[in-house]
Amino acid sequence: MSRLSWIAAATGALTLTALAPTFLAGAAHAAAPRFEKTACVGDYKDVDLRVQCGALVVDETRGDPKSRRIKVAVAIVKAARPKAGLPPVVYLHGGPGGSALKGLPRMLKSKASREFVAADQDWIFIDQRGGGLSDPNLDCPGTNLTDAGPPSDKDADGIVACLKAFQAKGVNLSRYNAVEVAKDVQDLRQVLKLPLIDLYGGSYGTRIEAAIQTHAPRGVRAVVQDSPWPPEADWTVGGPAMVSSSIDIVMAKCAVVAECAKRYPDLKAKLAVVAERWLAGPRTIDGKTYNADDLGGYLMDASYFTAGVLPRDLWKIIQGDVSPVADFVGSRDYYSEGQFMTHLCKEEIPFEARADVAKGTENDPVARLMVVSMQRIHDVCKAIDVGAISKVEQAPVKTAIPTLFLAAEIDPGCPPELTKAAAKGYQGSQVVIVTNATHGVSRGSPCARKAIRAFFQDPTKPVDRSCLPAADEAMTFTYE
């Protein structure tokens, strides 16, 4: 699931073929943004909240009188017990390349998410332009992609060909990025006639929040960043080391829990041996061939959400059972690959050097597993045109909008060190680091969910930290 939100992870993607005719039939002239009501897509029959669906219709290229129109899918969830004076919360999903609406019915049936979602305030979910149920969806069927990058040269080449095909059909790839999404949020606020809004972002959705706070902050009252990814962070340079460090934390926690240490002795050294073996060449097991990209992608993905079972699954791999890797390899199509790449090629990769991806990994075989696939992200970006690059996209945010940061102690993509550094630019911000938590803090922490609801009720008050686990609390592991 990677940088997708836990609340509304992608469950599939529309195809280029399916979307192109509708998209190309759009208006041939610029016009004002508008909101049109639509039927909701998905199974809402057991949802006990009122949900209104529609689409924000905007120009793909603002300011261009010849711009075609695109549709940004929207779902408005009415509060169960609305509290007077509270504005709606705009939900920003992760990825980039994820979806909020595809998993929305499931989320609205979840007891955990309902502890804060649409409790006191209406919540507005959008599928950011280029993905999910929005039109167009820059999905690239037949290709795979994870946060560690394209898992093969074939996948990288396929994504490049896919993006060039979109361009040939008239899609302006320079308009699918955080700044444009920020402007979409403001257009939505205005067409819905909302004086104020709050923002909740998960994972890469926090990067969109940063763009809103920098470029389009009008009417934003309060912001919650769950598992923050700040603009100044490097995705690929240092990325392999972040994954390795996250796994080290889990293995160290296992070593101090008697049962875990007994079952899985000397995990770190044994994993290093396995990593070296996979780096030396492909592994054929039970008639199927796997390589270092497969193992590296699995390790990054697994340490996002499944830290409690990670020692068990690492031990399986050490013993020659690669079923955890095989399961991961069979489920790598969760992104709209084109949307993922237009964001990274505009906001991340221009500020990083391909050669630097390998720096610091020489003595860390686990980190080296991710190097080649992350370098492929650079190769894709080099082959496509996403327009002019601005250094502003890497600048730390400076804002006085009240912001609550929720960071997990264990996070290979959004480690807490990034949050602590970024928060310095947020005047009066609150930073909560949750012990033993993994990516998507609110997913596993009732205390975090309580804090989110309380913060939106009054962002001037400190959130309650008394319910958080102690810094030295032992981690709970699953062995079967």
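Residues numbered from 1 in each chain as written. Predicted model: local features only at pLDDT ≥ 70, side-chain atom pairs only at ≥ 80, totals over all residues. Heavy atoms only, no water.

## Side note on the nonpolar core
Here is step 1 of the chain: Of all hydrophobic cores here, the largest spans 55 residues; its most connected members are Leu92, Ile124, Ile126, Leu199, Ile212 and Met341.
Here is step 2 of the chain: With six residues, the top contributor of residues to this core is helix H3 (residues 153-168).
Here is step 3 of the chain: For Leu199, the residues in contact, after removing those within four places along its chain, are Val89, Val90, Leu92, Glu209, Ile212, Val220, Ala222, Val223, Val224 and Phe456.
Here is step 4 of the chain: Residues Leu299, Val325, Phe328 and Tyr479 belong to the second largest nonpolar core, which totals 42 residues. (Core = buried A, V, L, I, M, F, W, Y, C linked by side-chain atoms within 4.5 Å. Buried < 20%, exposed > 50% of the residue type's maximum accessible area, 1.4 Å probe, protein only. Helix = DSSP H or I, 4+ residues; strand = E, 2+ residues; numbered from the N terminus. Contact = heavy atoms within 4.5 Å.)

## Topic: the sheet that holds strand S2 (residues 51-59)
Here is step 1 of the chain: With respect to topology, nine strands assemble into an open sheet ordered S1-S2-S3-S5-S4-S6-S7-S10-S11, the strand pairing being mixed. Two strands in the sheet have a free side with no partner beyond their single neighbour: strand S1 (34-38) and strand S11 (430-438). Going across the sheet, the axis of each strand differs from the next one's by a mean of 25°, ignoring polarity.
Here is step 2 of the chain: For strand S7 (residues 220-226) and strand S10 (residues 403-410), the ladder comprises four bridges, and the chain directions are parallel. If you follow Val224 over to S10, its bridge partner there is Leu404. (Pairing = 2+ DSSP bridges. Axes fitted to C-alpha atoms, helices over the stretch in contact; angles between N-to-C directions.)

## Some words on the state of the cysteines
Here is step 1 of the chain: In the structure shown here, the tally under the stated rule is five disulfides.
Here is step 2 of the chain: Here the bonded cysteines of the protein are numbered in sequence order, and their pairing is 1-2, 3-4, 5-6, 7-8, 9-10.
Here is step 3 of the chain: Free cysteine: Cys414, not disulfide-bonded; nearest cysteine sulfur from Cys381 at 18 Å. (Disulfide = S-S within 2.5 Å.)

## Here's the deal with the confidence of the model for the protein
Here is step 1 of the chain: Looking at the protein as a whole, the pLDDT averages 93, with 94% of positions reaching at least 70.
Here is step 2 of the chain: For the stretch residues 6-28, pLDDT sits under 50, and the model shows 64 contacts to residues farther than four places along the chain or on other chains. (pLDDT = per-residue confidence, 0-100.)

## Observations concerning H3
Here is step 1 of the chain: Under the 1.5 Å per step criterion, the end-to-end length of H3 is 22 Å for 16 residues, consistent within 8% with the ideal 22 Å.
Here is step 2 of the chain: Within the span of H3, buried status applies to Asp155, Ala156, Ile159, Val160, Cys162, Leu163 and Phe166. For H3, the arc enclosing every buried residue in end-on projection is 160°, short of the 170-degree limit, so these residues lie on one face. Turned more than 90 degrees from where H3 packs its buried face, Asp153, Lys154, Asp157 and Ala168 sit exposed.
Here is step 3 of the chain: Just downstream of H3, Gly170 is the residue with a positive phi angle, here 100°. (Expected span 1.5 Å × (residues − 1). Arc of directions from axis to C-beta.)

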